[in-house]
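Remarks on the overall topology
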Amino acid sequence: MGRDEFLEAAAPLIGEVGSAFYFAPETLATGKDIGLDGFRYYFLGRGGVLGDVEAPVVASAFGYFKPSVVAAMWDSGRERCGRSPREVGRSYLACCHELGRSRYADVDDLAGLCAAAAAVDDAADNAGLALYAAISAEPRPDDLPARAAHLVAVLRELRGSAHLLAVRASGLAPRVAHCIKRPDDFAAFGWGEDERPTVTEADREALDRAEDLTDQIVAPAFAVLDDAGRSTLLSGLRQMQARLAG
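Summarised in this report is the structure supplied together with it. (Residues numbered from 1 in each chain as written. Predicted model: local features only at pLDDT ≥ 70, side-chain atom pairs only at ≥ 80, totals over all residues. Heavy atoms only, no water.)

Bringing helix α12 (residues 227–245) into the picture now. Between its first and last C-alpha atoms α12 spans 27 Å; for 19 residues at 1.5 Å apiece the expected length is 27 Å, and the two agree. Among the residues making up α12, those that are buried are Gly 229, Arg 230, Leu 233, Leu 234, Gly 236, Leu 237, Gln 239, Met 240 and Leu 244. Those residues of α12 that are buried lie in contact with α1 (3–18), α6 (85–103), α7 (110–123), α9 (144–169) and α11 (201–222). (Helix = DSSP H or I, 4+ residues; strand = E, 2+ residues; numbered from the N terminus. Expected span 1.5 Å × (residues − 1). Buried < 20%, exposed > 50% of the residue type's maximum accessible area, 1.4 Å probe, protein only. Contact = heavy atoms within 4.5 Å.)

Taken as a whole, this structure holds 18 salt bridges when the rule is applied. One salt bridge in this structure joins Arg 78 and Asp 52, with 2.3 Å as the shortest N-O distance. Separated by 26 residues along the polypeptide, Arg 78 in helix α5 (residues 67–81) and Asp 52 in the loop between α3 (38–47) and α4 (55–62) bring together distant segments of the chain. Residue Arg 78 is classed as partly exposed on the basis of its relative accessible area, which comes to 24%. For Arg 159, the salt bridge is made with Asp 215, and the minimal N-O distance between the two is 2.6 Å. Taken together, the residues span a long stretch of sequence, with Arg 159 in helix α9 and Asp 215 in helix α11 at a distance of 56 residues. (Salt bridge = Lys/Arg side-chain N within 4 Å of Asp/Glu carboxyl O.)

The next subject is the packing of aromatic side chains. Counting across every chain of the model gives 16 aromatic pairs. A ring pair is formed by Tyr 42 and Phe 65, whose centres lie 6.0 Å apart and whose planes are at 50°; its orientation type is tilted. Separated by 23 residues along the polypeptide, Tyr 42 in helix α3 and Phe 65 in the loop between α4 and α5 bring together distant segments of the chain. The exposure classification of Tyr 42 matches that of Phe 65, with both residues buried. Each member of the aromatic cluster is reached from another via a ring pair, and the members are Phe 21, Tyr 22, Phe 23, Phe 39, Tyr 41, Tyr 42, Phe 43, Phe 62, Phe 65, Tyr 92 and Phe 189. Looking at Arg 46, its charged tip hangs above the ring of Phe 62, at a distance of 4.7 Å from the centre. Above the plane of the ring of Trp 191 lies Arg 175, whose end atom (NZ or CZ) is 5.6 Å from the centre. (Phe/Tyr/Trp six-rings, centres within 6.5 Å; stacked < 30°, edge-to-face > 60°. Lys NZ or Arg CZ within 6 Å of the ring centre and 35° of its normal.)

Running from N to C, α6 and α9 point in directions that differ by 125°, and their axes come no closer than 7 Å. When the axes of α6 and α9 are compared, the pair comes out oblique. Here α6 and α9 pass one another in a crossing that is right-handed. Contacts between α6 and α9 pair Leu 93, Cys 96, His 97, Gly 100 and Arg 101 from the former with Pro 145, Ala 146, Ala 149, His 150 and Ala 153 from the latter. Of the residues contributing to the contact of α6 with α9, the split by class is six nonpolar, three polar and one charged. (Axes fitted to C-alpha atoms, helices over the stretch in contact; angles between N-to-C directions. Parallel < 35°, antiparallel > 145°, perpendicular 65-115°, else oblique. Left-handed = near helix turned anticlockwise from the far one by under 90°. Nonpolar A, V, L, I, M, F, W, Y, C, P; charged D, E, K, R; others polar.)

Mapped onto the elements of the fold, Arg 40 is located in helix α3. Engagement of the side chain of Arg 40 in a polar contact is seen with the side chain of Asp 37, the distance being 2.6 Å. Those residues in contact with Arg 40 that sit more than four places away from it in its chain are Gly 45, Met 73, Ser 76, Gly 77 and Arg 80. (Polar contact = N/O pair within 3.5 Å; in protein donor to acceptor, adjacent residues only side chain to side chain.)

Inside soluble globular proteins, nonpolar side chains tend to come together where they are buried. Formed by 82 residues in total, the largest nonpolar core has its most connected members in Phe 6, Phe 21, Tyr 104, Leu 158, Phe 222, Leu 233 and Met 240. Here this core gets 12 residues from one element, more than from any other, and that element is α9. Setting aside anything within four residues of it in sequence, one finds Phe 6 in contact with Met 1, Phe 222, Leu 225, Arg 230, Leu 233 and Leu 234. (Core = buried A, V, L, I, M, F, W, Y, C linked by side-chain atoms within 4.5 Å.)

Now for a negative patch on the surface. Side chains of Glu 201, Glu 205, Asp 208 and Asp 212 sit close together on the surface and give a patch of like negative charge. Positionally, Glu 201 belongs in helix α11. (Patch = residues over 30% accessible without salt bridge, like charges linked within 9 Å, V, L, I, M, F, W, Y side chains within 5 Å. Areas by Shrake-Rupley, 256 points an atom, 1.4 Å probe, with all protein chains shown as cover. Lys, Arg positive; Asp, Glu negative; His and termini not counted. Charge placed at Lys NZ, Arg CZ, Asp CG, Glu CD.)

Our next topic: unusual backbone geometry. Positive phi is not limited to glycine here, since Asp 109 has a value of about 50°. Along the chain, Asp 109 falls in the loop between α6 and α7.

Bringing α1 into the picture now. Helix geometry: α1 is bent most strongly at Ala 10, by close to 30°, with proline Pro 12 lying one to four residues after it. Among the residues of α1, Phe 6, Leu 7, Ala 10, Ala 11, Leu 13, Ile 14, Val 17 and Gly 18 are the ones counted as buried. (Bend = angle between axes of the 7 residues up to and from the residue.)

Let's shift gears to a nonpolar patch on the surface. A contiguous nonpolar surface patch, about 290 Å² in accessible area, is contributed by Phe 23, Leu 28 and Phe 39. Looking at the secondary structure, you find Phe 23 in the loop between α1 and α2 (25–33). On the basis of relative accessible area, Phe 23 is assigned to the partly exposed category, the value being 40%.

None of this, on its own, says anything about what the molecule does.
Here is the structure:
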């Protein structure tokens, strides 16, 4: 399997599996225990790896949300739970680990999957990729099911951060890119209908360029995998997706 074919197959799986814990029932329950609803736990948990920063820093790293919504969720979340963002971020990652333990224990060759994913993470250049750099710096759990879930979540932030960088480099506002890719979720990211952009063909062409550029940014990291490593990672991702569906 060539590089382009592999990235095309792996990217959506990494996106789906890596974000599976975000609003899982167990994650929502943990957030409730510390005084946070699902959305505040998402913002403070996912962004908490950045540390004790101001809301504009989080909005910059997330990219697609309306900044005022990020500020409202981030600031009120901190007030409600009385914990530092870093502490909440690690709690959120612990939910990722628990999902791995509950869903992925019987995935074939978890050791091989973890080795392949870790090799990609270790090879990635984090320059300009703040959210990826932050989560990549977090310790990996020792047990394989949790480690697999953790590493795929890290790879999700690798591609997500790279894509945001590519969108900006392609001359496209993240709000416009979001409207093109997720038109039905525009309001869910805090934007009003009066803020919905008029999408042009030039915008769509720019997003196509950004998709290609994203692959170029992450390709060197994935290039450390040989055919066996790519096959192991892709097989593991497909099994993880199946466990989530089941």
